[in-house]
Amino acid sequence: TGSTRPQRILRAVQKNSTRGSPCSVVNAIDDYCKHKEWAMNVGDEKGIIVDDVVLELKPITVLELGTYCAYSTVRIANLLPPEAKLITLEFNAESAAIAREIITWAGLEEKIQLIIGASGDWIPRLKEEFGIETFDLVFLDHWKDRYLPDTKLLEKCGLLKPGAVLLADNVICPGTPDYLDYVRNSPRYKSKFYRSHLEYTQEEDGLEHSVFLGLYDNPNL
Ligand code: SAM
Ligand code: MG
């Protein structure tokens, strides 16, 4: 009574997973959200696609936009080599507090830097305050109208190097039409779609995988 969904997810993690076992944390959250209450984690079905992208790219620097309860944070960080770093941004302080507990429970606090604040405020400060040169992988999963402006901000701040991958969740449901239009038509990206379903449902959804090619400007556009 009176508890929030993130608090209930944390309780499910503490009850049904093993401390220090990221896979068991991910499984406990999926189990809770499939059978008890839906939550906006990338989930098990799209999670496998995210895993494959991470395993193939082997990124050393990762940025996640939108932490919520750190489901995807834990899932991604667990697949990174020891020297890698994942920075995750969350502007909801209550969610961030739960995320921090779940990250610690999973034993991944060394690899993950959780920043409480808005993407638009923090992206321009990442180089200076965290010594980041560029990101190898950016997972976009915050509010859908921020995907496009934050992508342009990442470009402007020089945080993407050629070959960097933007992996965007929920491009169909709830949908990010302006972002899809941009990455699919800009000469700066080579983009492809992974068809899937909205987490824990049969609704159509998917991830967009966009390789940054460089700041070319097509004079015809
Ligand atoms: N990536 C998480 C996962 O798969 O487990 C789910 C993230 S949830 C879909 C989106 C989160 O982004 C929410 O917790 C919300 O508070 C946060 N958020 C939305 N817009 C943001 C912004 N501009 N800056 C930082 N956080 C934001
Ligand atoms: Mg999502």
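Computed from a predicted model, the values in this text were never measured in an experiment. (Residues numbered from 1 in each chain as written. Chains lettered and ligands numbered in written order. Predicted model: local features only at pLDDT ≥ 70, side-chain atom pairs only at ≥ 80, totals over all residues. Heavy atoms only, no water.)

1. Notes on the pairing of strand S4 (residues 135-140)
Put simply, the test is: Partly exposed describes any residue whose relative accessible area lies between the buried limit of under 20% and the exposed limit of over 50%, with all areas from a 1.4 Å probe on protein chains only and scaled to the type maximum. Helix and strand labels come from DSSP, where a helix needs a run of H or I of at least four residues and a strand needs a run of E of at least two; each type is numbered from the N terminus. The pairing criterion is simple: DSSP has to find at least two bridges between the two strands. With the strands pointing away from the viewer, any crossover whose connection runs clockwise from the first strand over the helix to the second is right-handed.
Of all the six residues making up S4, six are buried; the element is thus mostly covered by neighbouring parts of the structure. Strand direction decides the pairing type here: strand S1 (residues 61-65) and S4, joined by four bridges, are parallel. Note that in S4 the partner of Leu63 across the bridge is Val138. Here five bridges tie S4 to strand S5 (residues 160-168), and the two strands are oriented parallel to one another. Its bridge partner lying in S5, Val138 is registered against Leu166. Each parallel crossover has a hand, and for S4 linked through helix H8 (residues 147-156) to S5 it is right-handed.

2. Looking at helix H1 (residues 5-16)
Spelled out, the test is: A helix's residues, less one, multiplied by 1.5 Å, set its expected span. Regarding the arc, it is the one traced by the directions from the helix axis to the C-beta atoms. Any pair of residues with heavy atoms lying within 4.5 Å of one another is described as a contacting pair.
With twelve residues, H1 ought to run about 16 Å at 1.5 Å a step, and its terminal C-alpha atoms sit 16 Å apart, in line with that. Taken together, the buried positions of H1 are Pro6, Ile9, Leu10, Ala12 and Val13. Along the axis of H1, the buried positions cluster into a sector of 160 degrees, meaning they face one direction only. The elements touched by buried residues of H1 are helix H2 (22-35) and helix H5 (93-106).

3. Quick word on the nonpolar core
Operational definition: Only buried residues count toward a nonpolar core, which is a set of Ala, Val, Leu, Ile, Met, Phe, Trp, Tyr and Cys residues joined through side-chain atoms within 4.5 Å.
Ile9, Val25, Val50, Val74, Ile76 and Ile102 are the most contacted members of the largest nonpolar core, which has 42 residues in total. Where this core is concerned, the elements lending two or more residues are H1, H2, helix H3 (43-57), helix H4 (71-77), H5, strand S3 (112-116), S4 and S5. Broken down by element, the residue count for this core peaks at seven residues, all from H5. Leu89, Leu153, Leu154 and Phe212 belong to the second largest nonpolar core, which has 28 residues in total.

4. A closer look at the site of ligand 1
Our working definition: Each residue is tested against the molecule or strand, and it is near if at least one of its non-hydrogen atoms lies within 4 Å. Any pair of N or O atoms that falls within 3.5 Å is considered a polar contact. Within protein, one atom must be able to donate a hydrogen and the other to accept it, and sequence-neighbouring residues count only if both atoms are side-chain atoms. In these tables, accessible area is a Shrake-Rupley quantity obtained with a 1.4 Å probe, and a residue counts as shielded only by the protein chains included in the view. Here the term cavity refers to a set of points on a 1 Å grid, laid over the protein atoms alone, in which a 1.4 Å probe fits but cannot get out; the term pocket refers to an open set having protein on both sides within 12 Å along at least five of seven lines, with lining residues being those that place an atom within 4 Å of a point. Should more than half of a molecule's atoms lie within 2 Å of a pocket's or cavity's grid points, that molecule is taken to sit in it.
Around ligand 1, 21 residues are found, and the nearest of them are Val42, Gly66, Ser72, Glu90 and Asp141. Taking Ser119, its side chain carries an N or O atom lying 2.9 Å from a nitrogen atom of ligand 1. The separation between a nitrogen atom of ligand 1 and a polar main-chain atom of Trp143 is 3.4 Å. Here ligand 1, which alone exposes 610 Å², has 97% of that area covered by the protein. Mapping ligand 1 onto the cavity grids shows that it belongs to the largest pocket.

5. Thoughts on the pattern of salt bridges
Let me state the cut-off plainly: A carboxyl oxygen of Asp or Glu within 4 Å of a side-chain nitrogen of Lys or Arg is what we treat as a salt bridge.
Per the counting criterion, the structure on display carries 14 salt bridges. One salt bridge connects Glu129 with Arg125, and the closest N-O pair in it is separated by 3.1 Å. Accessibility expressed as a relative area gives 45% for Glu129, which makes it partly exposed. Connected through salt bridges with shared partners, the residues Lys46, Asp169, Glu199 and Asp205 form a single ionic network.

6. Considering the layout of surface pockets
This is how it is decided: Grid points are joined across faces, edges and corners, and a volume is the space filled by probe spheres set on the points. All amino acids are sorted into three groups, where Ala, Val, Leu, Ile, Met, Phe, Trp, Tyr, Cys and Pro are nonpolar, Asp, Glu, Lys and Arg are charged, and the leftover types, Gly among them, are polar.
Its volume calculated, the largest pocket comes out at about 430 Å³. If you trace the largest pocket, you find 27 residues lining it, with Gly66, Glu90, Asp141, His142 and Trp143 closest to the centre. Mapped by element, the contributors of at least two residues to the lining of the largest pocket are H4 and strand S2 (85-90). Classifying every residue of the lining of the largest pocket gives twelve nonpolar, ten polar and five charged.

7. Quick look at the coordination of the magnesium ion (ligand 2)
Each pair of donors in an ideal octahedron of six around a metal sits at 90 or 180 degrees, and each pair in an ideal tetrahedron of four sits at 109.5 degrees. The cut-off we apply is this: Each metal's donors comprise the N, O and S atoms found within 2.8 Å of it (within 3.2 Å for Na, K or Ca). Water is not part of the atom list, so some coordination spheres may appear incomplete.
For the magnesium ion (ligand 2), the full set of protein donor atoms is Asp141 (OD), Asp169 (OD) and Asn170 (OD1), at a range of 2.0 to 2.1 Å. Along the chain, the residues donating to the magnesium ion (ligand 2) fall in the pattern D-x27-D-N. Owing to a relative accessible area of 0%, Asp169 belongs among the buried residues under this scheme.

8. Observations concerning the packing of H8 against helix H10 (residues 177-185)
Applicable threshold: For helices, the axis comes from a line fit to the C-alpha atoms of the stretch in contact; other axes are also lines fit to C-alpha atoms, and the angle between any two N-to-C directions lies between 0 and 180 degrees. What sets the label is the angle itself: under 35 degrees gives roughly parallel, over 145 gives roughly antiparallel, 65 to 115 gives roughly perpendicular, and the rest give oblique.
Interhelical geometry of H8 versus H10 gives an angle of 40 degrees and a closest axis separation of 8 Å. Here H8 is positioned oblique relative to H10, judged by the angle of their axes. Between H8, through Tyr147, Leu148, Thr151, Lys152 and Glu155, and H10, the contact on the second element is made entirely by Asp178, Tyr179 and Tyr182. For the contact of H8 with H10, the residue count by class is four nonpolar, one polar and three charged.

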